[in-house]
Amino acid sequence: MTGLSTILIVVGLFLLGGVYSFKKQKMPRSVILLLAIGSTMCLAAGILRIQGIWE
């Protein structure tokens, strides 16, 4: 199921770009924190699925 892993990694990178953008726009820290947590979760899930640890 590498398709789902790829989608999770792409979404994680997209959210990470949002964190960078929101940081430059000086958005509230709570919004940046929630976006960073979501990005981390997507990236971690995608990487774990590629490695076969989490199926």
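This report concerns the structure included in the present document. These numbers come from a predicted model, not from an experiment.

An α-helical turn contains 3.6 residues, so a residue and the one three or four places further along point in the same direction. In this model helix H1 (residues 2-24) runs 33 Å from its N-terminal to its C-terminal C-alpha over 23 residues, within 8% of the 33 Å that 1.5 Å per residue would give. Of the residues making up H1, those classed as buried are Ser5, Leu8, Gly12, Gly18 and Val19. Lining the buried residues of H1 we find helix H2 (29-51). Looking at the residues trailing H1, positive phi occurs at lysine 26, about 60°.

Turning next to a nonpolar patch on the surface. The grouping of Leu4, Ile7 and Val11 at the surface amounts to a nonpolar patch, some 240 Å² of accessible area in total. Considering the arrangement of structural elements, one finds leucine 4 in helix H1.

What follows concerns the packing of H1 against H2. Across the interface, H1 lies against H2 with an axial gap of 8 Å and an inter-helix angle of 155°. The orientation of H1 relative to H2 falls into the category roughly antiparallel. As H1 packs across H2, the resulting crossing turns out to be left-handed.

Moving on, we get to the environment of leucine 35. Within the secondary structure layout, leucine 35 lies in helix H2. For leucine 35 and glycine 17, which are 18 residues apart along the polypeptide, the C-alpha to C-alpha distance reads 9.6 Å. Once residues within four sequence positions are removed from consideration, leucine 35 is found in contact with Leu15, Gly18, Val19 and Phe22.

The next point concerns H2. Relative to the 33 Å expected for 23 residues at 1.5 Å per residue, H2 spans 33 Å between its end C-alpha atoms, a close match to the ideal helical length. Listed in full, the buried residues belonging to H2 are Ile32, Leu35, Ser39, Cys42, Ala45, Gly46 and Arg49. Contact partners of the buried residues in H2: H1. Two residues or fewer past H2, glycine 52 is found with a positive phi of approximately 80°.

About the thresholds
Here the residue numbering is sequential within each chain, running from 1 through the sequence in written order. Confidence filtering applies because this is a predicted model: local features only for residues at pLDDT of at least 70, side-chain atom pairs given and counted only at 80 or more, and all residues used for totals across whole chains, interfaces and linings. To get the side-chain values, all heavy atoms of the structure are used, and hydrogens and water are removed first. Strands are runs of DSSP state E lasting at least two residues, helices are runs of H or I lasting at least four, and both sets are numbered from the N terminus onward. One less than the residue count of a helix, multiplied by 1.5 Å, gives the span that helix is expected to have. A 1.4 Å probe rolled over the protein chains alone gives each residue an accessible area, and that area as a share of the maximum for its type sets the label: buried under 20%, exposed over 50%, partly exposed in between. The contact criterion used is simple: two residues touch if any of their non-hydrogen atoms lie within 4.5 Å. Patches draw on residues past 30% relative accessible area with no salt bridge. Two like charges within 9 Å are joined, as are two nonpolar side chains (Val, Leu, Ile, Met, Phe, Trp, Tyr) within 5 Å. Per-residue and other accessible areas were derived by the Shrake-Rupley procedure at a 1.4 Å probe size, with only the shown protein chains allowed to occlude residues. Any Lys or Arg side-chain nitrogen located within 4 Å of an Asp or Glu carboxyl oxygen qualifies as a salt bridge. To get an axis, fit a line to the C-alpha atoms, keeping to the stretch in contact for a helix; angles then go from 0 to 180 degrees between the N-to-C directions. Should an angle lie under 35 degrees it is considered roughly parallel, over 145 roughly antiparallel, and from 65 to 115 roughly perpendicular; all remaining angles are considered oblique. Crossing handedness follows the turn of the near helix against the far one: under a right angle anticlockwise gives a left-handed crossing, and clockwise gives a right-handed one.

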